[in-house]
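Secondary and tertiary structure notes
If you want the building blocks of each chain, they are given just below.
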Amino acid sequence: MSEASTTTTTTVTVMPSGQTYEATPGITLLEALRRAGVLNHECDGGAKCTDLCHLFVLEGRKSLSKTTREENERLDAIVGVGSKSRLACRAVLGEEPVTVELLTFV
Ligand code: FES
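These numbers were taken from a predicted model, which means no experiment stands behind them.

**A closer look at the overall build of the protein**
Scanning the protein for helices and strands turns up 3 helices and 5 strands. For the protein, the succession of helices and strands along the chain, N to C, is β-β-α-α-β-α-β-β. Counting only residues that meet the buried cut, the protein has 25% of its 106 residues in that class. The contacts of the protein with a sequence gap of at least 6 include a subset with a gap of at least 24, amounting to 68%.

In structure tokens:
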């Protein structure tokens, strides 16, 4: 009997704490961080509380879904945005591990 598993997981490491959490590819960074209890949201992924779900992706950026025009427009309205910025509610996890830096705390 094979013990191979069809369940795929990845990890999200959160800086500055360095804590690592397992997550399921296909869910958003927001959902992964919400399940871990390290990030909350106010607009349920509606891209209206950008100051809360703005974070920096330090590693694994290419594993995430591409930034959409709408996300870029929302990011443009935030002070402190950089080339590593993403909205957690818009970035969908791939299979590669991701390291993010939180800019807000729950
Ligand atoms: S959850 Fe509100 S902007 Fe992302």
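**A word on the nonpolar core**
The biggest cluster of nonpolar side chains holds 19 residues, and the ones touching the most others in it are Val12, Leu29, Leu30, Leu33, Cys53, Ala88 and Val100. Those elements that place two or more of their residues in this core are strand S1 (10–15), helix H1 (29–35), helix H2 (50–53), strand S3 (54–59) and strand S5 (98–102). Broken down by element, the residue count for this core peaks at 4 residues, all from H1.

**As for the pairing of strand S2 (residues 19–23)**
Relative to S2, S1 is paired through 5 bridges, and the arrangement is antiparallel. Looking at S2, one finds that valine 12 is bridged to tyrosine 21. Between S1 and S2, which follow one another and run antiparallel, lie 3 residues, and glycine 18 among them has a positive phi close to 80 degrees.

**Quick notes on the pairing of S3**
With 3 bridges connecting them, S3 and strand S4 (residues 85–87) associate as antiparallel partners. Looking at the pairing, leucine 55 lines up with arginine 86 of S4. In this structure, S3 lies alongside S5, joined through 4 bridges in antiparallel fashion. Bridge pairing in S5 places glutamate 59 opposite threonine 99.

**A look at the environment of leucine 58**
You can see leucine 58 is positioned in strand S3. Leaving out residues up to four positions away in the same chain, leucine 58 has contacts with Met15, Lys84, Thr99, Val100 and Glu101.

**Description of the sheet that holds S5**
The strand order across the open sheet built from 5 strands is S2-S1-S5-S3-S4, with neighbouring strands paired in mixed fashion. The strands lining the two open edges of the sheet, one partner per strand, are S2 and S4. Direction aside, neighbouring strands of the sheet carry axes that sit 40 degrees apart on average.

About the criteria used
- Residues numbered from 1 in each chain as written.
- Predicted model: local features only at pLDDT ≥ 70, side-chain atom pairs only at ≥ 80, totals over all residues.
- Helix = DSSP H or I, 4+ residues; strand = E, 2+ residues; numbered from the N terminus.
- Buried ≥ 20, exposed ≤ 12 C-beta atoms within 10 Å, placed from the backbone.
- Contact = placed C-beta atoms within 7 Å.
- Core = buried A, V, L, I, M, F, W, Y, C linked by C-beta atoms within 7 Å.
- Pairing = 2+ DSSP bridges.
- Axes fitted to C-alpha atoms, helices over the stretch in contact; angles between N-to-C directions.

No statement about biological role is implied by the geometric values presented.
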